[in-house]
Amino acid sequence: MPNPVLRSVHVHPVKALRGFSPAEAEVQPWGLAGDRRWAVVDTAGKVVTQRQHARLALASAALSGDGAVTLSAPGRETLTVEVPHPSTALGTIPVDVFGTVVEAVPADPAADAWFSAYLDSEVRLTHMDDPAHRRPVDPDYALPGETVSFADGFPLLVTTSASLDALNSLIAQGDHPDEGPLPMNRFRPNVVVDGTAPWAEDGWRRISIGDVAFRVPRSCGRCVVTTTDQETAERGKEPLRTLARHRKDGNRLIFGQNLVPEHRGIIRVGDPVKVLD
């Protein structure tokens, strides 16, 4: 078997939207540079994702060097949103990220109108201005001082090509093989690794990608977003149906592993991936 290497890198500037796949990315303590620093919230301040609005899968966010995002979606004019600053009159507002309340900065009202019209629901766009202090990683799995952006729970998510192939083989053997094979974008990872055995990542505790070391605190429990076709926004039953049969840990359906960086650095497509522990 070939030595594991980094196959691809994925950055999603706005949580739940499409992102982009650079050849390299800066690893910061709270995630890849620019990843999930923006989030859409409802009128109660709760983060909105594809769980509530599958159409977010069809919207895209491109990132500029100063952190601004350019939004595009079917039926909407492209809109560039500059990074807001908490020193403005708007200040910060509380945002509920799956039960954890953090402070975030409201974006320009034009962004609120853009998303509200697209989703046909009153929402607003927010920005995490200070990821070093705003949101701690789950204390049950964190070391002191570890923080995270608007990602679901941890700074990065790693998946492997071999595990996706194995999952697609299980789907093909199941009751509804027509739903497969599934592409990796269903799982919205930050980094994808080639050259491992299927499910090898289950045993990782520490890894390095190029010169950057990562702690592997916990596997990733999957939700309905994985059943959402990222090209059409239509939902199916897979992969949750197959994961429930073959990859269940208590009440959690597992695919991929969460990562916490141990230090800053740059990762590049083609970098060697080593298991440190």
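Residues numbered from 1 in each chain as written. Predicted model: local features only at pLDDT ≥ 70, side-chain atom pairs only at ≥ 80, totals over all residues. Heavy atoms only, no water.

A.B. asks: Residues and numbers for the sheet that holds strand β3 (residues 31-32), please.
C.D. replies: The sheet built from three strands is open, its strands ordered β3-β2-β19 with antiparallel pairing. The sheet is open, and its two borders are formed by β3 and β19 (265-268), each paired with just one other strand. Pairing between strand β2 (residues 24-28) and β19: four bridges, direction antiparallel. Within the sheet, the bridge partner assigned to E24 lies in β19 and is R268. (Pairing = 2+ DSSP bridges. Helix = DSSP H or I, 4+ residues; strand = E, 2+ residues; numbered from the N terminus.)

A.B. asks: Got a sec to walk through the nonpolar core? Specific residues and values, please.
C.D. replies: V14, L17, L71, V81, F115 and L125 are the most contacted members of the largest nonpolar core, which has 25 residues in total. Broken down by secondary-structure element, the contributors of at least two residues to this core are β4 (38-42), β7 (69-73), β8 (76-81), α1 (109-119) and β11 (123-127). With residues near it in sequence (within four places) discarded, F115 still touches V14, L17, V40, L56, L71, V123 and L125. Counting 19 residues, the second largest nonpolar core, distinct from the first, contains V11, V191, I209 and V273. (Core = buried A, V, L, I, M, F, W, Y, C linked by side-chain atoms within 4.5 Å. Buried < 20%, exposed > 50% of the residue type's maximum accessible area, 1.4 Å probe, protein only. Contact = heavy atoms within 4.5 Å.)

A.B. asks: Describe the pattern of salt bridges, listing the residues and the values that go with them.
C.D. replies: Inspection of the entire model under this criterion finds 15 salt bridges. The shortest N-O distance in the salt bridge between R7 and D194 comes to 3.6 Å. Linking R7 in strand β1 (residues 5-9) with D194 in strand β13 (residues 191-194), this pair joins segments that are 187 residues apart in sequence. On the basis of relative accessibility, which here comes to 25%, the residue D194 falls in the partly exposed class. Linking K15 and D152 is a salt bridge whose minimum nitrogen-to-oxygen distance equals 2.5 Å. With a gap of 137 residues between them, K15 in the loop between β1 and β2 and D152 in the loop between β11 and β12 (156-160) connect regions that are remote in the sequence. Owing to a relative accessible area of 3%, K15 belongs among the buried residues under this scheme. The network of salt bridges with shared partners includes K15, R51 and D152. (Salt bridge = Lys/Arg side-chain N within 4 Å of Asp/Glu carboxyl O.)

A.B. asks: Summarise the environment of L259; cite the residues concerned and give the values.
C.D. replies: Locating L259 in the fold gives a position in strand β18 (residues 252-261). Once the C-alpha coordinates of L259 and C220 are considered, the two residues, 39 residues apart in sequence, prove to be 9.8 Å apart. In this structure, L259 is in contact with F154, P155, L156, V158, V191, I207, F214, R215, V216 and P217, ignoring residues within four places of it in sequence.

A.B. asks: Account for unusual backbone geometry, with residues named and values stated.
C.D. replies: Omega for the peptide link from G180 to P181 comes to -5 degrees, which places this bond in the cis form. Of note, the bond from E238 into P239 is cis; its omega dihedral lies within 30 degrees of zero at 10 degrees. Relative to the helices and strands, P239 resides in the loop between β16 (219-221) and α3 (240-246). One non-glycine residue, D120, adopts positive backbone phi at about 55 degrees. Among the secondary structure elements, D120 is positioned in the loop between α1 and β11. For D120, a relative accessible area of 72% translates into the label exposed.

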